[in-house]
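Working through the structure, step by step
So the chains spell out like this:
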Amino acid sequence: MGEGERRRVVAGVSGSLESLAALHRGAYEARRGGAELLAVLAWQPPGGELAHRRAMYASPVVDFRREAGERLRTALRAAFGESGPGVPFQGLVVRGSPGRALVVTADRADDLLVVGAGCRGRMRRALFPSVARYCVAHAGCPVLAVPPSPLRSELVTVHRRIGLRLPLDARELTNGSPRPTS
């Protein structure tokens, strides 16, 4: 680290619940270690770089970057409200795939890269590569993969029941099981 440089915690942000959990953990780690928090949102043109280059009438990249910046601001507000994370931080919008963008940003040996581990199933793993796995395999700094909240599986169950129009007892949400009626 050079003169005047502060240790950094780099947190990947997409707006998902998992990335918001990683952002909170990143703020905690930055606070604990007296570090700066870098919230990084990666973006690519729709269809990817190759499709964008081959398009006959490619949309202006500046519009995609602006939309990515707005997604980052929305995620930061969702995570911390208007008060912010309570540590020195900056938001970065980086063009590229999420894993690569995070690894390139967390380029110092003393950085800490924080990512959401996400919910993984066989089908999802086949369709969407894991950003956390990419970061663990390629980062030159420590990587902290934040597991999903146990509440996530409960939320998925509730959404599934609602989608299937199955009855939902609100008492299940507060104490785990409905009380017997007398």
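Residues numbered from 1 in each chain as written. Predicted model: local features only at pLDDT ≥ 70, side-chain atom pairs only at ≥ 80, totals over all residues. Heavy atoms only, no water.

In the nomenclature of an unreviewed UniProt entry, the protein chain is known as Universal stress protein of Streptomyces sp. R35. Listed in UniProt under the heading Sequence similarities (unreviewed entry), the comment for the protein chain reads: "Belongs to the universal stress protein A family." (UniProt positions renumbered as here; feature names shortened; annotations may be inferred.)

Here we come to the nonpolar core. Ranked by internal contacts, the top residues of the largest apolar core, which has 25 residues, are Val9, Leu23, Leu37 and Leu72. When contributions to this core are tallied by element, the ones reaching two or more residues are strand S1 (8–12), helix H1 (17–33), strand S2 (36–43), helix H3 (61–80) and strand S4 (112–116). The element best represented in this core is H3, accounting for seven residues. Setting aside anything within four residues of it in sequence, one finds Leu72 in contact with Val13, Ala39, Leu41, Gly91, Leu92 and Val93. (Core = buried A, V, L, I, M, F, W, Y, C linked by side-chain atoms within 4.5 Å. Buried < 20%, exposed > 50% of the residue type's maximum accessible area, 1.4 Å probe, protein only. Helix = DSSP H or I, 4+ residues; strand = E, 2+ residues; numbered from the N terminus. Contact = heavy atoms within 4.5 Å.)

What follows concerns the packing of helix H4 (residues 98–105) against helix H6 (residues 131–138). When two helices pack together, you describe them by how their axes are tilted relative to each other and by the distance separating the axes. As a packed pair, H4 and H6 sit with axes 8 Å apart at the nearest point and diverge in direction by 35 degrees. Judged by the twist between their axes, the crossing of H4 over H6 is right-handed. Mapping the contact onto sequence places Pro98, Gly99, Arg100, Leu102 and Val103 in H4 and Val131, Tyr134, Cys135 and His138 in H6. (Axes fitted to C-alpha atoms, helices over the stretch in contact; angles between N-to-C directions. Left-handed = near helix turned anticlockwise from the far one by under 90°.)

Turning to the sheet that holds strand S3 (residues 89–95), a few remarks are in order. Pairing in this open sheet of five strands is parallel, and the strands run S3-S2-S1-S4-S5 from one edge to the other. Looking along the sheet, the strands with just one partner apiece sit at the ends: S3 and strand S5 (143–146). Between one strand and the next, the sheet's axes are offset by a mean angle of 25 degrees, whatever the strand orientation. The pairing of S1 with S2 spans five bridges and is classified as parallel. Across the sheet, the residue bridging to Val10 is Leu38, located in S2. (Pairing = 2+ DSSP bridges.)

For the coordinates displayed, the defined rule picks out seven salt bridges. A salt bridge links Glu29 to Arg25; its shortest N-O distance comes to 2.9 Å. Taken together, the residues span about one helical turn, with Glu29 and Arg25 both in helix H1 at a distance of four residues. When its relative accessible area of 35% is taken as the criterion, Arg25 is described as partly exposed. The closest approach of N and O atoms between Glu70 and Arg73, which form a salt bridge, is 3.1 Å. Taken together, the residues Glu70 and Arg73, both in helix H3 and three residues apart, mark about one turn of the helix. Judged by its relative accessible area of 35%, Glu70 is partly exposed. Through salt bridges with shared partners, one network takes in Arg8, Asp107 and Asp111. (Salt bridge = Lys/Arg side-chain N within 4 Å of Asp/Glu carboxyl O.)

Turning next to the state of the cysteines. A complete count under the given rule lists zero disulfides for this structure. Free cysteine Cys135: the closest other cysteine sulfur is in Cys141, separated by 8.6 Å. Here Cys141 falls in the buried class, since its relative accessible area comes to 9%. (Disulfide = S-S within 2.5 Å.)

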